[in-house]
Amino acid sequence: GVYAVLGNVLNARDQFAAFMWAPALANVVQITGLAAFLVQWGKHDSALGWTMPMIWTLAGTATLGIIAQAFVLIPPLVKGGFRWRPRRGLRGQGMGAASRMLGWTLTALVIAQVGGIVVSNALTSLNGPGRGGVERPGYAAYNNALMIFFLPHGLLTVSILTALFPRMTRVWNERDVRGLRALVVQGLTVPAVGIFPATALIVALAHPIVQAIFPGLRASEVDGVARSLQLMSLGLLAFGISTLQQ
């Protein structure tokens, strides 16, 4: 929550770098924790033998990564001249407008969660061999494919939209509907310049991409993830449009 609030303050002040790179710092901290876990305790096929030090190491470094991701945004805010002053009371804070929008946001969230539960249950039911004893891709294949799917979305679409949002806010505050419309069109079209080639590359090279990112998978598992990824990638542009709308 702190990361989201401070990051949007930075965006509003056209300071984009720290907000974009803070998750990378979280990744470094969390990967360091994973490496320390492996060095000290190795791999475990079951969670039954886990001890409290093991849990604290894994959960503690994961939490520490999120804390670092949030508080690393404070120095660029201070350097940029931002100063925080507390205000008393709720009047003039925009709570009325926010509460009206909150209803739509919560509705979208509920729909997304219901969809996620349906997908999870459907894919979990696929565990085990299919016709002819061939292993069917299930929830693990879906998650692996989704992780790769988010790479072009995060690098291309989110980066472009992050830069557009403060400009959209400014023109709306000036009640410049024509300017806002032009920026919305820009947000719909500019990401497509990178997303269309990315989609084509993923569809054509899904198998080697999956093999490179997940070298430990068996051939049948690679095929399941690759086919899932090919289908998902067709929705990359639509997913970006949904992000802009939200």
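Residues numbered from 1 in each chain as written. Predicted model: local features only at pLDDT ≥ 70, side-chain atom pairs only at ≥ 80, totals over all residues. Heavy atoms only, no water.

**Q** What's the story with the packing of aromatic side chains in this structure? I'm lost.
**A** Centre distance and the angle of the planes are the two values used to describe a pair of aromatic rings. Across all of its chains, the model carries seven aromatic pairs by this definition. With a centroid separation of 4.8 Å and an interplanar angle of 45°, the aromatic rings of Tyr3 and Phe19 are classed as tilted. You can see Tyr3 sitting in helix 1 (residues 2-12) and its partner Phe19 sitting in helix 2 (residues 17-41), a full 16 residues away along the chain. Here Phe19 falls in the buried class, since its relative accessible area comes to 14%. (Phe/Tyr/Trp six-rings, centres within 6.5 Å; stacked < 30°, edge-to-face > 60°. Helix = DSSP H or I, 4+ residues; strand = E, 2+ residues; numbered from the N terminus. Buried < 20%, exposed > 50% of the residue type's maximum accessible area, 1.4 Å probe, protein only.)

**Q** Sorry if this is basic, but what is going on with helix 1 here?
**A** Given 3.6 residues to a turn, an α-helix orients residues that are three or four positions apart in the same direction. Among all positions in helix 1, only Tyr3, Leu6, Gly7, Leu10 and Asn11 are buried. Viewed end-on, helix 1 has its buried residues packed into an arc of 145°, placing them on one side of the element. The inward-facing, buried residues of helix 1 contact helix 2, helix 3 (52-71), helix 4 (74-79) and helix 6 (139-173). Downstream of helix 1 by a residue or two, Asp14 has a phi angle that is positive, lying close to 60°. (Arc of directions from axis to C-beta. Contact = heavy atoms within 4.5 Å.)

**Q** Help me understand the environment of Ala145 in this model?
**A** Within the fold, Ala145 resides in helix 6. The exposure class assigned to Ala145 is buried, which follows from its relative accessible area of 0%. Not counting residues within four places of it along the chain, the set of residues in contact with Ala145 comprises Val225, Ser228, Leu229 and Met232.

**Q** Whenever I open this one, the nonpolar core confuses me. Can you help?
**A** In summary, soluble globular proteins display a tendency toward joint burial of nonpolar side chains. Counting 15 residues, the largest nonpolar core has Ala145, Ile148, Phe149, Val210, Val225, Leu229 and Leu236 as the members making the most contacts within it. When contributions to this core are tallied by element, the ones reaching two or more residues are helix 6, helix 7 (177-213) and helix 8 (219-233). Element by element, the count of residues in this core is highest for helix 8, at five residues. Once residues lying within four places of it in the same chain are set aside, the contact partners of Leu236 are Phe149, Pro152, His153, Ile195, Thr199 and Ile202. Among the nonpolar cores identified, the runner-up in size contains eight residues, and Leu6, Leu10, Phe19 and Ala70 belong to it. (Core = buried A, V, L, I, M, F, W, Y, C linked by side-chain atoms within 4.5 Å.)

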